[in-house]
Amino acid sequence: MPELKLEFAPIAAPAEGVLILFCEEGLKFGAATQKMLKPTGDLIARAAEADRFKGKNGATLDIVAPLGLEVSRLVVVGAGKAADLKSQGYVKLGGAAMGKAPGREEHVTIVADLPGGMKPDRAADIALGARLRGYSFDRYKTKRKEGEEPAKQVNVKIAVSSVGPAQKAFAPRQAVADGVILARDLVNEPANVLFPEEFASRASHLEKIGVDVEIFDVAEMTKLEMNALLGVGQGSVHDSRMVVMRWNGGKRDDKPIAFIGKGVCFDTGGVSIKPASGMEDMKGDMAGAACVVGLMHALAARKAKVNVVGAIGLVENAVDGKAQRPGDIVKTMSGQTIEIINTDAEGRLVLADVLHYVNTRFKPKFMLDLATLTGAIIVALGQEYAGLFSNDEKLTERLVKVGKETGERVWPMPLGPEFDKMIDSKFADMKNTGGRHGGAITAAQAEQFRTTGALGSHLEILERNDGYKGFNQTGVSDIIARTDPRRSFGA
């Protein structure tokens with residue numbers, strides 16, 4: 001995995017590598033860009049006409065060995081109408097720009113300039129997009145085909161009119177990028193490397209940047225009577241863990257905000273085993289927990305002035321003679337009992353205990369729960385929205401608003417006592433699944449509100465494969481999870 005080194009520099013024509021420029025519709029360039037392109041004469045105009053490139057948002061014009069410049073490749077990225085672009089639009093432009101850099105190229109210069117100039121915040125947004133788009137995960141590849149060897153280090157220069165202000169604007173975005181990349185790395189690791197104990201160990205590294213971390217083992221969770229969580233992991237050779245992370249950046253008496261993440265490091269489905277096809281993707285069933293760890297990193301790195309609790313339940317849902325069976329009844333930490341109808345409906349069992357623990361110990365203002373919980377939400381919403389279950393209308397409104405602003409949209413889903421009837425059990429207080437109809441709703445009903453009853457929102461984040469889902473940089477309470485770290489940002 002090549003190291004990506006990103007820095008800001010004054011605008012100047014580079015002597016090597018790839019040069020990437022931006023233009024508005026109609027091939028309108030910023031003054032600094034026009035000056036840089038002077039030696040190329042009418043090259044851009046002729047190439048644009050031949051390729052029918054007009055500068056529409058996201059469109060690109062690629063010229064190899066451009067006459068008049070010393071670079072090996074010149075790329076022009078269309079910005080459309082810059083006046084219509086908001087912060088997220090510039091992040092996407094940075095991602096699109098970085099996506100045009102060949103993997104073998106060691107030097108990339110992106111000129112942050114448009115007609116009328118570019119403010120430091122917008123240049124920082126472009127740098128954020130480039131940083132996220134430059135991510136790759138190939139640390140386990142030991143051989144490459146001839147000619148496909150990546151650069152050992154990619155040096156990315158964001159050329160700006162004023163370096164100092166751009167660097168200052170980028171600092172909080174750098175913290176967010178580092179948190180997102182940490183989450184991506186966790187999700188991409190194979191389950192034989194990242195099992196519950198190892199995941200907990202990696203989360204403990206946050207102590208280096210000021211996060212308080214507590215790790216609970218099986219014995220401690222047994223004392224807490226977290227039998228729903230422990231039941232999921234009892235068939236694995238890897239012991240379960242719970243990790244509680246605290247960032248205390250606010251006032252001492254301020255109640256914290258809490259984020260809870262599902263961390264099923266691998267999900268076979270248990271005795272109710274999943275089909276073999278696609279099961280390898282179940283190493284990513286801990287994406288909610290990865291998001292919470294990445295979030296805690298971002299908060300600490302930004303020195304956020306807020307008190308936050310991040311808690312993750314880490315288990316492996318495996319199959320052996322000790323595994324939980326359909327028909328088993330477990331007692332949750334809240335004292336309620338759950339009949340196990342399907343061992344593949346395990347995430348809600350893990351989260352129910354962690355939610356109850358956080359709610360009773362920390363009494364947070366509200367809780368946000370991030371989980372790859374049910375495929376039923378994809379059936380309902382497809383890939384464009386994440387499902388949002390909440391018993392707090394004001395919080396729902398805030399999440400919907402910020403989702404639109406960041407492009408990470410959420411859709412409020414219904415809850416109500418009518419759905420409770422679907423998870424009533426003959427033998428216990430409830431059962432862990434209500435069947436196919438309303439499957440995502442009954443999952444949220446069982447996991448969050450019926451066993452915990454806490455104020456807060458449950459974010460059903462389900463393996464959305466349309467790009468990286470990560471953290472909104474505008475506020476802790478408005479977090480939106482980016483769950484799929486495999487695809488390229490801006491692609």
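Parameters at a glance
Residues numbered from 1 in each chain as written. Predicted model: local features only at pLDDT ≥ 70, side-chain atom pairs only at ≥ 80, totals over all residues. Heavy atoms only, no water. Buried < 20%, exposed > 50% of the residue type's maximum accessible area, 1.4 Å probe, protein only. Helix = DSSP H or I, 4+ residues; strand = E, 2+ residues; numbered from the N terminus. Pairing = 2+ DSSP bridges. Right-handed = clockwise from strand over helix to strand, strands pointing away. Salt bridge = Lys/Arg side-chain N within 4 Å of Asp/Glu carboxyl O. pLDDT = per-residue confidence, 0-100. Contact = heavy atoms within 4.5 Å. Expected span 1.5 Å × (residues − 1). Axes fitted to C-alpha atoms, helices over the stretch in contact; angles between N-to-C directions. Phe/Tyr/Trp six-rings, centres within 6.5 Å; stacked < 30°, edge-to-face > 60°. Lys NZ or Arg CZ within 6 Å of the ring centre and 35° of its normal.

Our next topic: the pairing of strand β9 (residues 257-267). Of all 11 residues making up β9, 11 are buried, and the element is well covered by its neighbours. Pairing geometry for β9 and strand β10 (residues 307-317), over 10 bridges, is parallel. What sits directly across from Phe259, in β10, is Gly310. Running through helix α9 (residues 287-302), the crossover from β9 to the neighbouring parallel element β10 is right-handed. Of the strand pairs in this sheet, β9 and strand β13 (residues 367-371) are connected by four bridges, and their pairing is parallel. Within the sheet, the bridge partner assigned to Gly261 lies in β13 and is Leu370.

Moving on, we get to the pattern of salt bridges. Tallying each qualifying case throughout the model produces 16 salt bridges. Of the charged contacts in the structure, one is a salt bridge between Glu346 and Lys262, with a shortest N-O distance of 3.3 Å. Linking Glu346 in the loop between β12 (337-339) and α10 (347-362) with Lys262 in strand β9, this pair joins segments that are 84 residues apart in sequence. Here the two residues Glu346 and Lys262 agree in accessibility, since each one is buried.

Moving on to the confidence of the model for the chain. Looking at the chain as a whole, the pLDDT averages 87, with 90% of positions reaching at least 70. In this model residues 458-491 is a low-confidence stretch, pLDDT under 50, and it forms 148 contacts with partners more than four residues away in sequence or in other chains.

Let's shift gears to α9. With 16 residues, α9 should cover 22 Å at 1.5 Å per step; its first-to-last C-alpha distance of 22 Å lies within 8% of that length. Of all the 16 residues making up α9, 14 are buried; the element is thus mostly covered by neighbouring parts of the structure. Trailing α9 by a residue or two, Lys303 shows a phi angle of about 55 degrees, which is positive.

So, on to the sheet that holds strand β5 (residues 107-111). With mixed pairing, the six strands of this open sheet are ordered in space as β1-β6-β5-β2-β4-β3. Here the strands that pair on one side only, and so sit at the sheet edges, are β1 (3-10) and β3 (60-64). Each strand axis lies, on average, 20 degrees off the axis of its neighbour in the sheet, ignoring direction.

The next thing to look at is the packing of aromatic side chains. For the structure shown, the criterion picks out four aromatic pairs. On the basis of an interplanar angle of 65 degrees and a centroid distance of 5.6 Å, the ring pair of Phe8 and Phe170 is categorised as edge-to-face. With Phe8 in strand β1 and Phe170 in helix α5 (residues 163-188), this pair connects stretches of sequence that are 162 residues apart. Each member of the pair, Phe8 as well as Phe170, carries the same accessibility label: buried. Ring geometry for Phe216 against Tyr357: centres 5.5 Å apart, planes inclined by 70 degrees, an arrangement best described as edge-to-face. Here the residue Phe216 occupies a position in strand β7 (residues 212-216), and Tyr357 occupies one in helix α10, the gap between them amounting to 141 residues. Residue Tyr357 is classed as buried on the basis of its relative accessible area, which comes to 7%. Above the ring of Tyr385, the side-chain terminus of Arg409 is found at 4.6 Å from the ring centroid.

Here we come to unusual backbone geometry. Although it is not a glycine, Arg52 adopts a positive phi angle of roughly 55 degrees. Mapped onto the secondary structure, Arg52 falls in the loop between α2 (43-51) and β3. Arg52 gets classed as exposed once you look at its relative accessible area, which sits at 75%. Of note, Lys303 is a non-glycine position whose phi angle comes to about 55 degrees, a positive value. Structurally, Lys303 can be placed in the loop between α9 and β10.

What follows concerns the environment of Tyr385. Assignment of secondary structure puts Tyr385 in the loop between α11 (376-381) and β14 (386-390). Looking at Tyr385, the relative accessible area reads 25%, which means it is partly exposed. For Tyr385 and Gly403, which are 18 residues apart along the polypeptide, the C-alpha to C-alpha distance reads 9.3 Å.

The next subject is the sheet that holds strand β16 (residues 430-431). Pairing within the open sheet is mixed, and its three strands lie in the order β11-β12-β16. Both outer strands of the open sheet, β11 (329-331) and β16, are each paired with one neighbouring strand and no more. Note: β11 against β12, three bridges, orientation antiparallel. Counterpart to Lys331 in the pairing with β12 is Thr337.

A few words now on the environment of Val293. Within the element layout of this structure, Val293 appears in helix α9. For the pair formed by Val293 and Ala200, sequence separation is 93 residues and the distance between their alpha carbons is 10.0 Å. Setting aside chain neighbours within four positions, we find Val293 in contact with Leu182, Leu186, Phe199, Ala203, Leu206, Met245 and Ile312.

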